[in-house]
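# Structural features, examined
Residues per chain, in single letters:
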Amino acid sequence: MTNNAQRPFGRLLTAMVTPFAADGSVDVDGAARLAAYLVDEQRNDALVVNGTTGESPTTTDAEKDAVIRAVVEAVGDRAQVVAGVGTFSTHHTVELARSAEKAGAHGLLVVSPYYNKPPQAGLVKHFTTVADAVDVPVLLYDIPHRTGVAISTDTMVTLAGHPRIVGVKDAKGDLAAASWVMHRAEFAYYSGDDAATLPLLSIGGVGVVGTSTHFTGVGTKDLIEAYERGDVAQARRLHQALLPLYTGIFRTQGTILVKAGLNARGLPAGPVRPPLVDATEAELAQLRIDCADAGLPL
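Below: a short report on this structure.

Procedures and definitions
Residues numbered from 1 in each chain as written. Predicted model: local features only at pLDDT ≥ 70, side-chain atom pairs only at ≥ 80, totals over all residues. Heavy atoms only, no water. Helix = DSSP H or I, 4+ residues; strand = E, 2+ residues; numbered from the N terminus. Rg over C-alpha atoms; globule rule 2.2 N^0.38 Å. Buried < 20%, exposed > 50% of the residue type's maximum accessible area, 1.4 Å probe, protein only. Contact = heavy atoms within 4.5 Å. Areas by Shrake-Rupley, 256 points an atom, 1.4 Å probe, with all protein chains shown as cover. Lys, Arg positive; Asp, Glu negative; His and termini not counted. Charge placed at Lys NZ, Arg CZ, Asp CG, Glu CD. 1 Å grid on protein atoms, 1.4 Å probe; cavity = no way out; pocket = protein on both sides within 12 Å on 5 of 7 lines; lining within 4 Å. Points joined across faces, edges and corners; volume = space filled by probe spheres on them. Core = buried A, V, L, I, M, F, W, Y, C linked by side-chain atoms within 4.5 Å. Right-handed = clockwise from strand over helix to strand, strands pointing away. Pairing = 2+ DSSP bridges. Salt bridge = Lys/Arg side-chain N within 4 Å of Asp/Glu carboxyl O.

## Looking at the overall build of the protein
The helix and strand tally for the protein stands at twelve helices and eight strands. Scaling as 2.2 N^0.38, a compact globule of 298 residues should have a C-alpha radius of gyration of about 19 Å, and the protein matches this with 18 Å. With respect to the principal axes defined by its C-alpha atoms, the protein has extents near 45 × 45 × 35 Å. When burial is assessed residue by residue, the protein has 54% of its 298 residues classed as buried. Considering only contacts in the protein between residues 6 or more positions apart, those separated by 24 or more positions represent 70%. Counting only carbon and sulfur atoms, one obtains 53% of the accessible surface of the protein, whose full area is about 11,900 Å². On the protein, the mean spot of the 25 positive side-chain charges and the mean spot of the 32 negative ones are 3 Å from each other.

As structure tokens, this is what we get:
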């Protein structure tokens, strides 16, 4: 079992897409409405805004600030708002971190610097510099298949010693490495892969930062709660029932299909920004099949 102190952002978080208007501008009102839907209807404890699912590589710093402020105003009284601030520049990441804190974010998600592939010492310097610059908790994001560099077990344990670095969104897919970190440090592990939520819970994880949870939030929250009360069989049933969407949302880039599904449901989403491209009719048709297979028809 885990207690609230060990799950700093609750159990269920969704990496929220950033709604855009038809002309490609940020739909700030839509972001507020989508946040309310995710918290009030999909049972999220916290939302990650301006992450890569939120198309952060293509939104400006001013747009990011506007999204944080809108979401904090919409749901900040009943859910935590975690701002994605990671870039491949430590200086720029610190700027975004301070701006997000000023805008009211309750925490920060900081991805490993991507493309420039710093050594482990560089990762330690990067993450601790960001955490030293703010007074809100920091969640690391370990996703080496996108960033090009993994946070090693020793580095993770070192970073866990920082008073404001409280956990990780783990998309490395290495349960043994995660186990070793949790064995050696008090550190909150959130699954960064929807389908890996139950396996990670089984070794001490506390929850998920999801993508399909734009649609599967209720069932995923039930899964986590079933596991925590010791009903492993029910957790497994829910895991298997939701697998078609846990995996199907990634048939192409996840943001593309989340926005297609939200648009189909009449929820704020709009188009994606280049270099992403909107879902094809065939991709939307397959998403409808995957949603239906998960018992959540569009």
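After presenting the structure, the write-up continues.
## Overview of the layout of surface pockets
With a probe scaled to a water molecule rolled over the atoms, the places where space remains empty come into view. Counted as a void, the largest pocket has a volume near 530 Å³. Considering the residues around the largest pocket, the lining is formed by 28 residues, among which Thr 52, Glu 55, Ser 56, Pro 57 and Tyr 114 are closest to the centre. When residues of the lining of the largest pocket are traced back to their parent elements, those giving at least two are α2 (61-75), α3 (90-102), β4 (107-111) and α5 (144-147). It is β4 that contributes the most residues to the lining of the largest pocket, three residues altogether. Its volume calculated, the second largest pocket comes out at about 360 Å³. Considering the residues around the second largest pocket, the lining is formed by 24 residues, among which Ile 143, His 145, Ala 171, Gly 192 and Asp 193 are closest to the centre.

## Looking at the nonpolar core
Met 16, Val 71, Leu 108, Leu 140, Phe 187 and Tyr 189 are the most contacted members of the largest nonpolar core, which has 65 residues in total. When sequence neighbours within four positions are dropped, the list of residues in contact with Leu 108 reads Val 82, Ala 83, Val 85, Ala 97, Ala 100, Val 134, Val 136, Pro 137, Val 138 and Leu 139. Of all hydrophobic cores here, the second largest spans 16 residues; its members include Leu 13, Leu 109, Leu 139 and Ala 171.

## What to know about the pairing of strand β7 (residues 188-191)
The alternating pattern of β7 places Ala 188 and Tyr 190 and Tyr 189 and Ser 191 on opposite faces, both of which are buried. In this fold, strand β6 (residues 165-170) hands off to helix α7 (residues 175-184), which returns the chain to β7; that crossover is right-handed. Note: β7 against strand β8 (residues 207-210), two bridges, orientation parallel. Following the sheet pairing, Tyr 190 is matched in β8 by Gly 207. Handedness of the β7-helix α8 (residues 197-202)-β8 crossover: right-handed.

## Observations regarding the pattern of salt bridges
Under the criterion given, the structure shown has 14 salt bridges. Between Lys 221 and Asp 45 there is a salt bridge whose closest N-O contact spans 3.1 Å. Of the two residues, Lys 221 sits in helix α9 (residues 213-228) while Asp 45 sits in the loop between α1 (28-40) and β2 (46-49), which places them 176 residues apart along the sequence. In this structure, Arg 184 and Asp 154 form a salt bridge, with 2.9 Å as the shortest nitrogen-oxygen distance. You can see Arg 184 sitting in helix α7 and its partner Asp 154 sitting in helix α6 (residues 153-160), a full 30 residues away along the chain. The class of Asp 154 is partly exposed, set by a relative accessible area of 48%. What emerges from the salt-bridge pattern is a single network uniting Arg 7, Arg 11 and Glu 228.

## Examining the pairing of strand β1 (residues 12-15)
Side chains Leu 12 and Thr 14 project from β1 onto one buried face, and the interleaved Leu 13 and Ala 15 project onto a second face that is buried too. Examined bridge by bridge, β1 and β8 share three bridges and lie parallel to one another. Bridge assignment links Leu 13 to a residue of β8, and that residue is Val 209. Strand direction decides the pairing type here: β1 and β2, joined by three bridges, are parallel. Each bridged residue has a counterpart across the sheet, and for Thr 14 the counterpart in β2 is Leu 47. This β-α-β element, β1 to α1 to β2, shows right-handed connectivity.

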